[in-house]
Amino acid sequence: MSDDHRLASWHLNSIAAELQRRYIDLHQQSGERRKLNIAGVIIAGGRGTRLGAGEKPLAPFCGRTLLDAIVETVRPQVSALAIDIRPDAADAYAAWNERGLVCLHDPISGNAGPLGGVVAGLEWATALGGTEWLATFPADTPFLPPTLVGTLASAAVASRPVVATCGGQIEGLCALWPIDFLPRLREGVASGTFRSVSQTLTAFGAVQCAIEDPQGFFNINTPADLAKAEHVAEERGYGAGKGGGDRAANPYEPGSPFHAAYDKGWIAGQRAIAEQM
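Just so you know, these numbers come straight off a predicted model, no measurement behind them. (Residues numbered from 1 in each chain as written. Predicted model: local features only at pLDDT ≥ 70, side-chain atom pairs only at ≥ 80, totals over all residues. Heavy atoms only, no water.)

Another aspect to go through is the overall build of the chain. Along the chain, the regular secondary structure elements total nine helices and nine strands. Looking at the 277 residues of the chain, the share that counts as buried comes to 49%. At a minimum sequence separation of 6, the contacts of the chain that also span at least 24 residues come to 69%. Approximately 13200 Å² of the chain is accessible, and the part contributed by carbon and sulfur atoms is 53%. (Helix = DSSP H or I, 4+ residues; strand = E, 2+ residues; numbered from the N terminus. Buried < 20%, exposed > 50% of the residue type's maximum accessible area, 1.4 Å probe, protein only. Contact = heavy atoms within 4.5 Å. Areas by Shrake-Rupley, 256 points an atom, 1.4 Å probe, with all protein chains shown as cover.)

This is the structure in structure tokens:
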């Protein structure tokens, strides 16, 4: 090898090492910013009657539950995580509470629907202190993108919610809500002014953030949906499937096919956050 080739090789290796260092620094710094500012709540107040399950999030899925899949995907994306449930379902989630998942209840009397869960989440996140945003997640969507919060944050504008869209459809519960919206949202829900998530997002001028991942927003409402989701899970190598049997290694851990498939997208989302710092 000539001296020129050696020099060129040395420069390329130096550049590669520097890029790798910056990549890691960016990943860590943006992750720290995200975790400091964004808490998350899973909205699980429904009864899951169409699915035939007492609690839809606790329905068997790939040897565990739907809630396992959701928690393991969204927990790394936020600084603190809670779940909004009905008061009469507290016993069903007692084991999750013992594992550190905070259980919340709608603070507004009557049937406020998912908006009651958003209000509960905002009250809890406000009490945490130092939190600027609340991320909301549906409780029946097992393939949520691990880049979701970072991508939404990259589109954030002060004092406006951010909501995911896919194929032109608004995914209302996949959203970021500014913490300072709490008084207006609580009053609007209590008075009946705000009755649906989509109406409320429109009223607050939500920023729409396109995330083209149809499987990521696939939600489960019926036994047929659950069977389809388990088939998709098997194809992706997520576990044993069919709600039982020996389960493969945790598909949501770093290094798994799941994380490998999304790693580049996750870092791209974090780069967008860091650029706004």
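A word on the pattern of salt bridges. The tally for this structure, following the rule as stated, stands at six salt bridges. Of the charged contacts, one joins Arg99 and Asp68 as a salt bridge, the two residues approaching to 3.6 Å between their closest N and O atoms. With a gap of 31 residues between them, Arg99 in the loop between helix H3 (94–98) and strand S5 (102–104) and Asp68 in helix H2 (residues 66–74) connect regions that are remote in the sequence. Overall, the relative accessible area of 52% leaves Arg99 in the exposed class. Assessed through its relative accessible area of 10%, Asp68 is described here as buried. (Salt bridge = Lys/Arg side-chain N within 4 Å of Asp/Glu carboxyl O.)

We now examine helix H8 (residues 223–236). If you check H8, its first and last C-alpha atoms are 20 Å apart, about what 14 residues at 1.5 Å a residue would give, namely 20 Å. Those residues of H8 lying buried are Asp225, Leu226, Ala229, Glu230, Val232 and Ala233. In a view along the axis of H8, the buried residues occupy a sector of 160 degrees, so they form one face of it. Turned more than 90 degrees from where H8 packs its buried face, Ala224 and Glu235 sit exposed. Where H8 is buried, its residues touch strand S2 (60–61) and H2. Trailing H8 by a residue or two, Gly237 shows a phi angle of about 75 degrees, which is positive. (Expected span 1.5 Å × (residues − 1). Arc of directions from axis to C-beta.)

Moving on to the nonpolar core. Ranked by size, the top nonpolar core spans 33 residues in total, and within it Ile42, Phe137, Leu148 and Leu176 carry the most contacts. Sorting the residues of this core by element identifies strand S1 (38–43), H2, strand S4 (81–84), strand S6 (133–138), helix H5 (148–154), strand S7 (162–166), strand S8 (169–178) and strand S9 (207–210) as the ones contributing at least two each. Once residues within four sequence positions are removed from consideration, Ile42 is found in contact with Leu67, Ile70, Val71, Val74, Leu81, Ala82, Ile83, Asp84, Phe137, Pro138 and Ala139. Core analysis: the next-biggest nonpolar cluster, separate from the first, contains 29 residues, Ile108, Leu115, Ile179 and Val197 among them. (Core = buried A, V, L, I, M, F, W, Y, C linked by side-chain atoms within 4.5 Å.)

To continue, consider the sheet that holds S5. An order of S5-S4-S1-S6-S8-S7-S9 is seen for the seven strands of this open sheet, with the pairing classed as mixed. In this open sheet, the two edge strands, each paired with only one partner strand, are S5 and S9. On average, each strand axis in the sheet is tilted by 30 degrees relative to the strand beside it, whichever way the strands run. The pairing of S4 with S5 spans three bridges and is parallel. (Pairing = 2+ DSSP bridges. Axes fitted to C-alpha atoms, helices over the stretch in contact; angles between N-to-C directions.)

In this section: the environment of Thr165. Looking at where Thr165 falls in the secondary structure, it is placed in strand S7. Not counting residues within four places of it along the chain, the set of residues in contact with Thr165 comprises Ile170, Glu171, Gln208, Cys209, Ala210, Ile211 and Glu212.

A two-sided burial pattern is seen for S4, the buried positions comprising Leu81 and Ile83 on one face and Ala82 and Asp84 on the other. Where S1 meets S4, four bridges bridge the pair, whose relative direction is parallel. By the bridge assignment for S4, Gly40 is matched with Leu81.

At Cys62, a position not held by glycine, the phi torsion is positive, near 55 degrees. Position of Cys62 relative to the elements: it lies in the loop between S2 and strand S3 (64–65). Judged by its relative accessible area of 4%, Cys62 falls in the buried class. The phi dihedral of Ser159 is positive, around 65 degrees, even though this residue is not glycine. Tracing the chain through its elements places Ser159 in the loop between H5 and S7.

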